Amino acid sequence: MPHQKHLSQAGRELAHRSGLHGTHARFAALIFGLLAGLCLWLAVPTTARAEQPPLRIEAVRAEGWQGEVPPADGWTPVVLPDTWAQRWPGFDGVVWYRLQWEQPADAPEAGVLLEYLIMAGAVWLNDTPISRDASLVEPLTRAWNTPHYWLIAAPLLRPGATNTLLVRVSGLAAYQAGLGPVTVGLPAAIWPQYEQQRSVRRDQQLFGLAISTVVAVFFGVLWVLRRRETAYGWFALMSCLWLVFASNQVVTSPWPFASTDGWQAFSTSSLMAFCCSFLIFALRFCERRLPRFEAGVALLALACWLDLWLAAPAEMGLHRSLWTVAAILVYTLASGGYLVYAGLVRTRRIFALAPFMLAGCVAGVHDLMVFLQLIDSNVYYSAMVSYVTVFGMALVLAGRFVQSLQRIENFNTELIGEVEAARTELANTLAQRHALELAHARIGERVNLASDLHDGLGGMLVGSIATLENAPHSQSAPQLLAMLKSLRDDLRLIIDATGRDDGQRSFGELLAPLRHRTTQLLDANGIECRWQVAGLDRLELPPSQSLELLRFLQEALTNVLKHSGARFVDVSLLRSGDALLLAVQDNGCGFVQKAAEQSTGAGLRSMRARAHRLGSALQLESPPGKTRVALQLALPGS
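This structure is a prediction, so every number in the text was calculated from the model and none was measured.

A. Fine view of the overall build of the protein chain. Within the protein chain, the secondary structure is distributed over 15 helices and 17 strands. Burial statistics for the protein chain: of 638 residues in total, 47% are counted as buried. Total accessible area computed for the protein chain in this model is approximately 32300 Å², and 61% of it derives from carbon and sulfur atoms.

Below, the structure is given as structure tokens:
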């Protein structure tokens, strides 16, 4: 179509001026062209009216709702489409329409198209019934949007004579009750008109309802999965409410309501709720929140519901009209406001929705004029434009969702890169830390070896030197040899502690050589050593713990020999349950408690370190005339 081509070019120009380029511009131009083509299709009938014989149309008002026979008098000429509220204001009941024409003698059959009647009716042709709705009294059958087609042939038709089509219409004045256009002509010419009317009034409505259902479910699920995307939730709610309202176009019964007024209250209040939800959706899509304004919109929707459901039946028509106008104004203002905002911000994401808002705005203005009867039509564009608009909005939201997924994928790619970099850095750090730990371990081994040499071999050397100093001439060769052997045994104990192990031995067996040597050494220096040992025969400890205990004991006895000036020392090694108590007590000069606790000497520092490695603590006591050094070790299994 040439017009659609020009409008598509206009859409591209509008996209260019609004800052859209590339794919977004082509998409906007395509949508703009489709919407323009739809508007042109709606505005220009696709099927020309068939030539028909002249119709004489008359109407008469019946008394009440009952009666299967029209009145004999009172017929008034009318023009179709006809709304009797202007002729008989406030009349609710039955109006009869009589249509007469002269059927050509050479036409043995005819096609009759009745576009709509409001609300329910029955039809006779030449006194023969050809159609009747299910309910002609309240609750009325809702046949207002259903076109009818009849193929009339002999013997119903009277070629060359006057034929009469009699239509009984049951309706309510508040809802534009009356009769729509009627066309009589050749079946081949009337049938395409019927197909067009059925497509516009029924098929497209059902298709739009199906689209609204799918969109509402899809975006409702998206919102449930991503509650932060409130635009999805409002769009799903808006689609559900439109689904409820648009069903007014296709339902043929007011069920579950008991009257037409009940259905209209439900339909109109759903329309207001939809328009309010549409307004809030537009705000959410623009990432805007106006709490007070939104609260006012919610109160407006609530007021509509309460007013329509509490209105008296006689006032329902006025209330319905007022709230319908208000709802269309809300929708139109929301669409217009969005267009203004899109023109101000000029961003691709906001402008992508603008063509659909424009279509909704145009359709809303048109339908408002139809509802107010400023346009002589019974066709509402919103119902037909809605599925294109909803589908387009769904595409825009889906595009927004895809962009979010792409951002997430890019973020994941960047995150993976950062994780790999962090992993590499961590591996380097761990390698450096491992190297440092190895260095520290070597240094620790050297410190431990130095400590063992100090506590073990050093203690034996100190004792031997002290013996030789006290009685240098009284030591025989065998005694000197015994001293050297003791030093050799102590050195062998250090070597064994570095990792060589010829079998598990009890702590008592390991203690015996040290006990023998230190007793001899202390006796040689005039110090009596008394031992109290219990429960060590079956006590097996790891070699490192055994060596720590022996070195702790050796250092304690070396300190007695070097510093105490004691005459006797008591050594206790007692196993009690899951604990081992080691204590060394002498009657020497002692020391100042506070000074000893703060001492940085090698002996006490070594004893504290060994107690800590054993999981215990060094205990120091030095009342006058007594010194006691002890620790308590928790044995494995405690």
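Text resumes after the structure shown.
B. How the structure looks around the nonpolar core. Membership of the largest hydrophobic core comes to 59 residues, with the highest contact counts inside it found for Phe 219, Phe 235, Tyr 338, Leu 353 and Met 393. Only helix H3 (187-225), helix H4 (230-246), helix H5 (260-285), helix H6 (291-310), helix H7 (316-345), helix H8 (348-351), helix H9 (354-371) and helix H10 (381-470) provide two or more residues apiece to this core. Considering every element that reaches this core, the biggest residue donor is H5, with 12 residues. Formed by 37 residues, the second largest nonpolar core is a distinct cluster that contains Cys 529, Leu 561, Ala 566 and Leu 620.

C. Spotlight on the sheet that holds strand E4 (residues 92-102). Taken together, the 6 strands give an open sheet; going across it, the order is E2-E1-E4-E10-E7-E8, and neighbouring strands pair in antiparallel fashion. Lying at the two open borders of the sheet, with one neighbouring strand each, are strand E2 (76-77) and strand E8 (128-132). Of the strand pairs in this sheet, strand E1 (residues 56-61) and E4 are connected by 6 bridges, and their pairing is antiparallel. Counted as the bridge partner of Glu 58 is Arg 98 from E4.

D. Structural context of the pattern of salt bridges. Taken as a whole and assessed by the stated rule, the structure comprises 11 salt bridges. Here Arg 423 makes a salt bridge to Glu 420, at a shortest N to O gap of 3.4 Å. Here Arg 423 pairs with Glu 420, and both are found in helix H10, just 3 residues apart, close to one helical turn. We classify Glu 420 as partly exposed; its relative accessible area is 38%. A salt bridge links Asp 570 to Arg 530, with the shortest nitrogen-to-oxygen separation between them at 2.6 Å. Of the two residues, Asp 570 is situated in strand E14 (residues 568-576) and Arg 530 in strand E13 (residues 528-534); the sequence distance between them amounts to 40 residues. The exposure class of Asp 570 is partly exposed, given its relative accessible area of 24%. Classification of Arg 530 as partly exposed rests on a relative accessible area of 36%.

E. View of the pairing of E14. Where E13 meets E14, 7 bridges bridge the pair, whose relative direction is parallel. Paired with Val 533 across the two strands is Leu 573, which belongs to E14. In the classification by handedness, the crossover that spans E13, the intervening helix H13 (residues 543-564) and the parallel E14 is left-handed. Taken together, the 8 bridges between E14 and strand E15 (residues 579-586) define a ladder with antiparallel strand orientation. Of the residues in E15, the one forming a bridge with Arg 575 is Leu 580.

F. Quick look at the packing of H6 against H7. Contact geometry for H6 and H7: axes closest at 10 Å, N-to-C directions at 165°. Viewed along their axes, H6 and H7 adopt a mutual orientation that is roughly antiparallel. Between H6 and H7 lies a crossing whose hand is left-handed. Between H6, through Leu 300, Ala 303, Cys 304, Asp 307 and Leu 308, and H7, the contact on the second element is made entirely by Met 316, His 319, Arg 320, Trp 323 and Val 330. In terms of residue class, the contact of H6 with H7 is made up of 7 nonpolar, 1 polar and 2 charged.

G. The sheet that holds strand E5 (residues 109-114), seen in detail. The strand order across the open sheet built from 3 strands is E9-E5-E12, with neighbouring strands paired in antiparallel fashion. Each edge of the sheet is formed by a strand with only one pairing partner; in this case those strands are strand E9 (148-153) and strand E12 (182-185). Geometrically, the sheet is characterised by an average inter-axis angle of 15° between neighbouring strands, direction not taken into account. In this sheet, E12 lies alongside E5 in antiparallel orientation, the contact comprising 4 bridges. Across the sheet, residue Gly 111 finds its bridge partner in E12, namely Gly 185. In this fold H3 packs onto E5, E9 and E12, with an angle of close to 20° to the strand it touches most, E5.

H. Expanded view of the packing of aromatic side chains. The tally for this structure, following the rule as stated, stands at 20 aromatic pairs. On the numbers, 5.2 Å between centres and 80° between planes, the contact of Phe 219 with Phe 235 is edge-to-face. Of this pair, Phe 219 sits in helix H3 while Phe 235 sits in helix H4, placing them 16 residues apart in sequence. The exposure class of Phe 219 is buried, given its relative accessible area of 1%. Overall, the relative accessible area of 0% leaves Phe 235 in the buried class. Taking the centre distance of 5.2 Å and the plane angle of 45° together, the rings of Phe 235 and Phe 281 count as tilted. Placement of Phe 235 in helix H4 and of Phe 281 in helix H5 is noted, with a sequence separation of 46 residues between them. An aromatic cluster is present here, built from Phe 218, Phe 219, Tyr 232, Phe 235, Phe 281, Phe 285 and Tyr 338 joined pairwise through their rings. One residue, Arg 98, lies across the ring of Trp 75, its end atom 4.1 Å from the ring centre. Positioned over the ring face of Trp 223 is Arg 227, at 4.7 Å from the centre of the ring.

I. How the structure looks around the environment of Thr 324. Within the secondary structure layout, Thr 324 lies in helix H7. Sequence-wise, Thr 324 and Thr 268 are 56 residues apart; in three dimensions their C-alpha atoms are separated by 6.3 Å. Once you skip the residues sitting within four places of it in the chain, Thr 324 turns out to touch Thr 268, Leu 271 and Phe 371.

J. The confidence of the model for the protein chain, seen in detail. Mean pLDDT over the protein chain: 81, with 82% of residues reaching 70 or higher. The least confident element of the protein chain is helix H1 (residues 2-17), whose mean pLDDT is 39; the most confident is E2, at 96. In this model, residues 1-25 is a region of pLDDT below 50 whose contacts with residues beyond four sequence positions or in other chains number 33 contacts. In this model residues 38-47 is a low-confidence stretch, pLDDT under 50, and it forms 19 contacts with partners more than four residues away in sequence or in other chains.

K. Representation of the environment of Leu 306 in the model. Examined against the element boundaries, Leu 306 turns out to sit in helix H6. With 41 residues separating them in the primary sequence, Leu 306 and Ala 265 have C-alpha atoms 9.7 Å apart.

L. Quick look at the side chain of Arg 168. Structurally, Arg 168 is set in strand E10 (residues 162-172). No salt bridge is formed by the buried Arg 168; the nearest opposite charge belongs to Glu 68, separated by 4.8 Å. A distance of 2.6 Å separates a polar atom in the side chain of Arg 168 from the backbone oxygen of Trp 65.

Reading guide: rules and limits
- Residues numbered from 1 in each chain as written.
- Predicted model: local features only at pLDDT ≥ 70, side-chain atom pairs only at ≥ 80, totals over all residues.
- Heavy atoms only, no water.
- Helix = DSSP H or I, 4+ residues; strand = E, 2+ residues; numbered from the N terminus.
- Buried < 20%, exposed > 50% of the residue type's maximum accessible area, 1.4 Å probe, protein only.
- Areas by Shrake-Rupley, 256 points an atom, 1.4 Å probe, with all protein chains shown as cover.
- Core = buried A, V, L, I, M, F, W, Y, C linked by side-chain atoms within 4.5 Å.
- Pairing = 2+ DSSP bridges.
- Salt bridge = Lys/Arg side-chain N within 4 Å of Asp/Glu carboxyl O.
- Right-handed = clockwise from strand over helix to strand, strands pointing away.
- Axes fitted to C-alpha atoms, helices over the stretch in contact; angles between N-to-C directions.
- Parallel < 35°, antiparallel > 145°, perpendicular 65-115°, else oblique.
- Left-handed = near helix turned anticlockwise from the far one by under 90°.
- Contact = heavy atoms within 4.5 Å.
- Nonpolar A, V, L, I, M, F, W, Y, C, P; charged D, E, K, R; others polar.
- Phe/Tyr/Trp six-rings, centres within 6.5 Å; stacked < 30°, edge-to-face > 60°.
- Lys NZ or Arg CZ within 6 Å of the ring centre and 35° of its normal.
- pLDDT = per-residue confidence, 0-100.
- Lys, Arg positive; Asp, Glu negative; His and termini not counted.
- Polar contact = N/O pair within 3.5 Å; in protein donor to acceptor, adjacent residues only side chain to side chain.

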